[in-house]
Amino acid sequence: QQKEEEERQQKKEEERLRKEEEERLKREEAERQAQLEAEKESERVRENLKKSQSEEEQAREMMKEADEALQRAKEQADAAAIEEAERKKKEAEKKKLKAEIVKKLSEAMNNKDITMLEDTLQLAKKKKVEGIEDITKQSEELLDLLYAGLNLENAVRDRHIENIEAAITKVKKVTSTVKKVYGGYEKVLATKVHEAETLLVKLKRLEFLKRQVMELKQQTIAELKSYQQPPPIVKFVMTATFLILGHNGKDIQKWNQMVVLMGKTGKEALKRRVQQFEPDTMPWNVATSCQEILAGMDTASVADVSAGAAAFYVWCEGMVEERLSLPKEISKELKEKRKQLDRRKSNENLMKGGTVEVMSRRSRSRDRIEVPKGGGAGRRGSTEIRDRKPNASRSRSRGPATNAQQKKKEVVNKRK
């Protein structure tokens, strides 16, 4: 049976590698096509830039001639000539402004610069520049594409299912109305949508697995805790569960140690930790160890012994499978994105009110900051800080503030 399980795992690994290779080849082909289209679009943009620069130079010459004619007319006190020179000067100014707008829009489209596109379009609308309807429409379409792509990137980074679904829908809606090719950016968006849809399937599955545990009744958890000598299959499943959640093997050698962990409440509650767990935080060696622990089991065999253990088994199997599908060494970029997401969640908690932990870089101590709802000041206009250290360990000196105390004050002021 162990040999069959090893063969099954090997086939699964080979299938995963084959799919990854297919996805890689598809991405490379899409990137190559996008590069070719981008080169064509860049050539068209360069031609537009040359044309707009030529028109801008002509407009400057016209303005120079109009200024000279206006000066001569004023010297001769010829009213008709003055009026004609002022008219020509206004025309030259309009032509120069039009050339500048076209030049800026072409540059912004070539660089996919959202800020420059927005500012230039607002300037063109404010000045009521005429004769640029085509490039204005193209710029607005590209701006919609860029914003749709940016929203999709943010949603994928945050890993929120609802946001990803909304962002994918928005991208498909925008791309369906675009009739022009913008430097191959549509192909880039199509690749991003495919990646987002793949991630969405994974997230929904992980959410389903978490929900299986979250929907367990307290009575079922109590049943697991009530075992004096649990069946081996139950102990194996719960061992894998706590290893995945970050516990050391020495801390969960005995069943009564695991019973204590199952009985914790608040932030340390088992169901809450399962809900907040992300597979990319699991070390590779832990994933392989749990895979060995769970080898030879299936949902039916575990459910025959304990329904509660079956829910944790399904969750463990899903987390291990997801982690092994990721690179062995999580990239620095992915770690940084995870830190950014954790900071964002912390800020969201601040806005809801509650307690937030802050690490002092110098003192290496953790403080708990009590903040009211909305992140503002409390009833008395101040934010309360409670250090975890006991009062007896604090210095009784009332001298100048230490670096740690100064850091606390800065954090409080910043949160206000």
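Computed from a predicted structure; not experimentally measured.

Time to look at the overall build of the protein. For the protein, the helix and strand inventory stands at 15 helices and 3 strands. Partitioning the contacts of the protein with sequence separation of at least 6, the portion at a separation of at least 24 is 67%. Looking at the protein as shown, the accessible area adds up to about 27000 Å², and 48% of this sits on carbon and sulfur atoms.

This paragraph deals with the environment of E107. On the secondary structure map, E107 appears in helix α2 (residues 79-111). Its relative accessible area of 26% is what places E107 among the partly exposed residues. In sequence terms E107 and N48 are 59 residues apart; their C-alpha atoms lie 9.3 Å from each other. Dropping the residues within four chain positions of it, E107 is found in contact with L49 and M116.

This next bit is on the state of the cysteines. In a disulfide, the sulfur atoms of two cysteines are covalently bonded to one another. Across all of its chains, the model carries 0 disulfides by this definition. You can see C290 has no disulfide; the closest cysteine sulfur is in C316, sitting 6.5 Å from it. Residue C290 is classed as buried on the basis of its relative accessible area of 0%.

Take the packing of helix α8 (residues 232-244) against helix α9 (residues 255-262) next. Angle between the axes and distance between the axes: these two values describe a pair of packed helices. As a packed pair, α8 and α9 sit with axes 11 Å apart at the nearest point and diverge in direction by 55°. With respect to their mutual orientation, α8 and α9 come out oblique. Of the two possible hands of crossing, α8 and α9 adopt the one that is left-handed. Of α9, the residues touching α8 (which contributes V234, K235, M238, T239 and F242) are W255, M258, L261 and M262.

It is worth spelling out the confidence of the model for the protein at this point. Across the protein, pLDDT averages 75, with 77% of residues at or above 70. Looking at the elements of the protein, mean pLDDT is at its lowest for strand β3 (residues 384-387), recorded as 35, and at its highest for α8, recorded as 92. The low-confidence segment residues 348-401 (pLDDT under 50) makes 81 contacts with residues lying over four places distant or belonging to another chain.

The rules we used
Residues numbered from 1 in each chain as written. Predicted model: local features only at pLDDT ≥ 70, side-chain atom pairs only at ≥ 80, totals over all residues. Heavy atoms only, no water. Helix = DSSP H or I, 4+ residues; strand = E, 2+ residues; numbered from the N terminus. Contact = heavy atoms within 4.5 Å. Areas by Shrake-Rupley, 256 points an atom, 1.4 Å probe, with all protein chains shown as cover. Buried < 20%, exposed > 50% of the residue type's maximum accessible area, 1.4 Å probe, protein only. Disulfide = S-S within 2.5 Å. Axes fitted to C-alpha atoms, helices over the stretch in contact; angles between N-to-C directions. Parallel < 35°, antiparallel > 145°, perpendicular 65-115°, else oblique. Left-handed = near helix turned anticlockwise from the far one by under 90°. pLDDT = per-residue confidence, 0-100.

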